[in-house]
Amino acid sequence: MKVAKVAGVRPAVMTDVAKLAGVSHQTVSRVLNGSPQVRQETRDRVLRAVEELGYRPNAMARGLVSRRSKVLGVVTFDTILYGPASMMLGIERAARAAGHGVSIVTLERVDRHGVLDAVNTLADQGVDGVIILAPQLAAAAALHNLPARLVAVAVQAGHDAGLPAASMDQHEGSRLAVEHLLALGHETVWHVSGPNGWLEARDRVDGYRRTLEAAGARIPPMISGDWSARSGYEAGLVLAGQPGVTAVFAGNDQMALGLLRAFTERGIRVPDDVSVVGFDDIPEAAYLSPPLTTVRQDFDEVGRRSMQLLLQLLEYDGEIPDPPAVLPTLVVRDSSGAPK
């Protein structure tokens, strides 16, 4: 029995693009690599030819020429928390937009040795550079001991990371939340903080304290949670038994969700009896009962700035300043109001 041969269509190569655009293959290469030494008319003609032919550059071949893998490493940790997970997604989006692949190593243990093992794994893969998501003190401590030749950027690693870094302004987020509640007429604001060892929790507490001090308001004793709705619920049961509580700032929206449940069970009306403000603006925040006032973080922008910083470090020698911290915004909904 004879087997019929099916003729395939040969994928377009650079010379096909050059022929269709009426330019040299060197010009095509310059356009694809973003060289400014090409006239806009020529660039447009080449890009039209690329689109028409469906040409896809051979990443391996380009890597051999540029000595770059076009793959960036990311060190993160296993979490279902909205904030860190969304930040990781923002970094991935920014990498794809910049034309880079991503190799991710997820930490099994968040400590100095875990971070160093992850970084070494990525270095062995030949990645061009590494972004390290290090929002915990244990992970941030490893950033001072990275391989000397590794190009690396930290995200949310605090002010003493020892690495170029991109970050969100957590102090500003706390200021927005607390000043909002004080402006409504509350004499002070209680705080349910994130867990010890988290840099974001530390900075939010610091911003909370500073804002109350600047306003001359009393600083109540804090209640520490662990980011979970359960810990917020337990904190809410404690606060429900405290006299004079009229406003609570929760360290994240999940804990705020637990607060709402506890207050409802204890017959405390939000915001008539107690106002509640969260942090993160999770997708469900607008659909809670009542809809949650919260601090929104732009995780995509943090990802974009971290990626831009890493690419700058790969391209240029010398000092490159850190990008400014991304500023959060306050989203006012129905869970906050004037005290009755």
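Residues numbered from 1 in each chain as written. Predicted model: local features only at pLDDT ≥ 70, side-chain atom pairs only at ≥ 80, totals over all residues. Heavy atoms only, no water.

## Here's the deal with the nonpolar core
For step 1, the next point in the chain: Counting residues in each nonpolar core, the largest one holds 68 residues, and the members touching the most others are I132, L239, V248, F263 and V276.
For step 2, the next point in the chain: It is helix α12 (residues 299-315) that contributes the most residues to this core, seven residues altogether.
For step 3, the next point in the chain: Excluding residues within four positions of it along the chain, L239 makes contact with W190, V192, I223, V245, V248, L259 and F263.
For step 4, the next point in the chain: A177, L182, F249 and V295 belong to the second-largest nonpolar core, a separate cluster that totals 13 residues. (Core = buried A, V, L, I, M, F, W, Y, C linked by side-chain atoms within 4.5 Å. Buried < 20%, exposed > 50% of the residue type's maximum accessible area, 1.4 Å probe, protein only. Helix = DSSP H or I, 4+ residues; strand = E, 2+ residues; numbered from the N terminus. Contact = heavy atoms within 4.5 Å.)

## Structural notes on the pairing of strand β8 (residues 247-250)
For step 1, the next point in the chain: Side-chain alternation along β8 places A247 and F249 on one buried face and V248 and A250 on a second face that is also buried.
For step 2, the next point in the chain: Here strand β6 (residues 190-193) runs beside β8; their pairing, made up of three bridges, is parallel. For W190, the partnering residue across the bridge sits in β8 and is V248.
For step 3, the next point in the chain: With three bridges joining them, β8 and strand β9 (residues 275-280) adopt parallel strand pairing. For F249, the partnering residue across the bridge sits in β9 and is V277.
For step 4, the next point in the chain: The parallel pair β8 and β9, bridged by helix α11 (residues 253-265), forms a crossover whose chirality is right-handed. (Pairing = 2+ DSSP bridges. Right-handed = clockwise from strand over helix to strand, strands pointing away.)

## Quick look at unusual backbone geometry
Note: most residues except glycine have negative phi, and most peptide bonds are trans.
For step 1, the next point in the chain: Of note, the bond from V270 into P271 is cis; its omega dihedral lies within 30 degrees of zero at 10 degrees.
For step 2, the next point in the chain: Looking at where P271 falls in the secondary structure, it is placed in the loop between α11 and β9.
For step 3, the next point in the chain: Here the amide bond leading from S289 into P290 is cis, since omega sits at 0 degrees, within 30 degrees of zero.
For step 4, the next point in the chain: With respect to the element layout, P290 can be found in the loop between β9 and β10 (293-296).
For step 5, the next point in the chain: Positive phi, close to 80 degrees, is recorded for W227, a residue that is not glycine.
For step 6, the next point in the chain: Relative to the helices and strands, W227 is located in the loop between β7 (223-224) and α10 (229-240).
For step 7, the next point in the chain: For D280, which is not glycine, the phi dihedral falls at a positive 125 degrees.

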